Amino acid sequence: MTAHLAPVLEIAATHARDVDAEGRYPAEAVQALRESGLLGLTVPTEAGGLGGGPHELVATVGGLAGVCGSTAMIYLMHVSAVMPVAVAPPAGLPKLLNQLADGSTLGSLAFSEAGSRSHFWAPVSKATRDGDTVHLTARKSWVTSAGQADVYVVSTGSPDVEGGVDLFAVPADTAGLEVAGPWKGMGLRGNASSPMTIDAQVPVEHRLGEAGSGFEAMLNVVMPWFNLGNSSVSVGLSRAAVDAAVTHTSASKLEHLDQSLSALPTIRAQLAKMSIELATMSAYLGVTAQRLIEPRDDTMLYVLGVKAATNDAALRITDAAMRVCGGAAFSEHLQLDRYFRDARAGHVMAPTADVLYDFYGKAITNQPLF
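Residues numbered from 1 in each chain as written. Predicted model: local features only at pLDDT ≥ 70, side-chain atom pairs only at ≥ 80, totals over all residues. Heavy atoms only, no water.

Asks: Kindly report on the environment of Val-235, identifying the contributing residues and their values.
Replies: With respect to the helices and strands, the residue Val-235 is situated in helix α6 (residues 214–251). Overall, the relative accessible area of 5% leaves Val-235 in the buried class. Separated by 108 residues in the primary sequence, Val-235 and Ala-343 place their C-alpha atoms 9.3 Å from one another. Beyond its immediate stretch of four places on either side in the chain, Val-235 contacts Leu-278, Met-281, Ser-282, Leu-285 and Thr-310. (Helix = DSSP H or I, 4+ residues; strand = E, 2+ residues; numbered from the N terminus. Buried < 20%, exposed > 50% of the residue type's maximum accessible area, 1.4 Å probe, protein only. Contact = heavy atoms within 4.5 Å.)

Shown next as structure tokens:
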């Protein structure tokens, strides 16, 4: 997979600074992803993909995050949309999985809603059935690649199962899809996570899986891959921050003492703590990836815990990197401020770190999650 990733990393790195400064979509990096074959990373080879798994996702997303967090999140949301399509392809879009894999189609999720906020599994949007057509009415609050993706996997209340949830694949050219506002974030400024409104008619055969199967797909298909990838973003940002902090403090001198900044015991201690926490989270992420390959009784605990833990670790690590690098970090010379700001998104991204801690606590005390 390295050969596929290297040219994408080069292009993403070239444009990362201006993508952040201008808050613009990283079109160059996304085009490179389309041409690289990586949009099909986790798609089986028989469907035109690369046949990669959790470890390959960790390496790819983490690598992207280390150079451009916005590009990493765009890519992760594509993969997160791919996986439920791979499990339950919509009958009305028989070539969709192949198109998601070959680079012609960029996907994204449209799950989050203002009405249910971080409880992404409980859409308040509506769907009504009229023969072979479904009318979707939804207000989505955070849609990565809004107005840029070619297809959106949209969650909604099921028109056929009372209290159920459905997922529909909705092509971007469907009448009634609108970007409802601009995206201007503290971090991840280039990922176009705008709100969208949906007032559209789609064929019922655009549904992924059986009626009412969306809740299970979100929890058992989307969430494991999304949490793994989101954790990879946090670890990738943390690694970039540690590397930048070590490089800067080793090279910069206190001329009156003829010492590098890293000669100060206080700074060395901070660098050590950052590095140890990064190594710990990297190991946790690797074990979680293996749990998805070889499931055990505790696999869901890893799925729940790894995002919360790595998100919060990224907050601490990037904060420490800013502190040890001082004014050079604050004045944007090192781009540490970008890692710092991008890292703040993970723990508030649904499922939020606090929700995951609650779920984890329920699981280990034998209480129902819902």
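Once you've had a look at it, read on.
Asks: Outline unusual backbone geometry, listing residues and values.
Replies: Residue Ala-350 is joined to Pro-351 through a cis peptide bond whose omega torsion reads -5°. In this fold, Pro-351 is placed in the loop between α9 (336–343) and α10 (353–364). The phi torsion at Ser-145 lies on the positive side, around 65°, for a residue other than glycine. Using a relative accessible area of 1% as the deciding quantity, one classes Ser-145 as buried. Phi is positive for Leu-188, close to 45°, though the residue is something other than glycine. Structurally, Leu-188 can be placed in the loop between β6 (177–179) and β7 (194–203). Judged by its relative accessible area of 3%, Leu-188 falls in the buried class.

Asks: Now, about the layout of surface pockets: what can you tell me, with residues and values included?
Replies: In this structure, the largest pocket occupies an estimated 710 Å³ of space. Surrounding the largest pocket, 31 residues form its lining, Ser-112, Trp-142, Val-348, Met-349 and Ala-350 being those nearest its centre. Sorting the residues of the lining of the largest pocket by element identifies β1 (107–110), β3 (133–143) and α6 as the ones contributing at least two each. Residues of the lining of the largest pocket, tallied by class, amount to 19 nonpolar, eight polar and four charged. (1 Å grid on protein atoms, 1.4 Å probe; cavity = no way out; pocket = protein on both sides within 12 Å on 5 of 7 lines; lining within 4 Å. Points joined across faces, edges and corners; volume = space filled by probe spheres on them. Nonpolar A, V, L, I, M, F, W, Y, C, P; charged D, E, K, R; others polar.)

Asks: How would you explain the side chain of Ser-155 if you had to name every residue and give the values?
Replies: Tracing the sequence through the fold places Ser-155 in strand β4 (residues 151–157). For Ser-155, the residues in contact, after removing those within four places along its chain, are Ala-110, Phe-111, Glu-113, Pro-123, Ser-125, Lys-140, Asp-166, Leu-167 and Met-218.

Asks: Outline the pattern of salt bridges, listing residues and values.
Replies: The full count for this structure, using the stated rule, is 13 salt bridges. Residues Asp-20 and Arg-341 are paired through a salt bridge, measuring 2.7 Å at the closest nitrogen-oxygen approach. Residue Asp-20 is located in helix α1 (residues 2–22), and its partner Arg-341 is located in helix α9; the two are separated by 321 residues in the primary sequence. Asp-160 is the partner of Arg-129 in a salt bridge, and the nearest nitrogen-oxygen pair spans 2.9 Å. Of the two residues, Arg-129 sits in strand β2 (residues 126–130) while Asp-160 sits in the loop between β4 and β5 (165–171), which places them 31 residues apart along the sequence. (Salt bridge = Lys/Arg side-chain N within 4 Å of Asp/Glu carboxyl O.)

Asks: Please provide a residue-by-residue account of the packing of α1 against helix α2 (residues 27–36), values included.
Replies: The geometry of a pair of packed helices is captured by two quantities: the angle between their axes and the separation between those axes. Two elements in contact, α1 and α2, have axes whose closest approach is 8 Å; the angle formed by their N-to-C orientations is 175°. Comparing their axes, α2 and α1 come out roughly antiparallel. Mapping the contact onto sequence places His-4, Val-8, Ile-11, Ala-12 and His-15 in α1 and Glu-28, Ala-29, Ala-32, Leu-33 and Ser-36 in α2. Residue composition of the contact of α1 with α2, by class: six nonpolar, three polar and one charged. (Axes fitted to C-alpha atoms, helices over the stretch in contact; angles between N-to-C directions. Parallel < 35°, antiparallel > 145°, perpendicular 65-115°, else oblique.)

Asks: Break down the sheet that holds β7 for me, with residues and values.
Replies: As summarised here, the arrangement of the four strands in space is β2-β3-β7-β6, forming an open sheet in which the pairing is antiparallel. The sheet is open, and its two borders are formed by β2 and β6, each paired with just one other strand. Each strand of the sheet is rotated relative to its neighbour by a mean of 10°, with strand direction disregarded. Looking at chain direction, β6 and β7 are connected through three bridges and run antiparallel. Its bridge partner being in β7, Glu-178 is matched across the sheet by Thr-197. (Pairing = 2+ DSSP bridges.)

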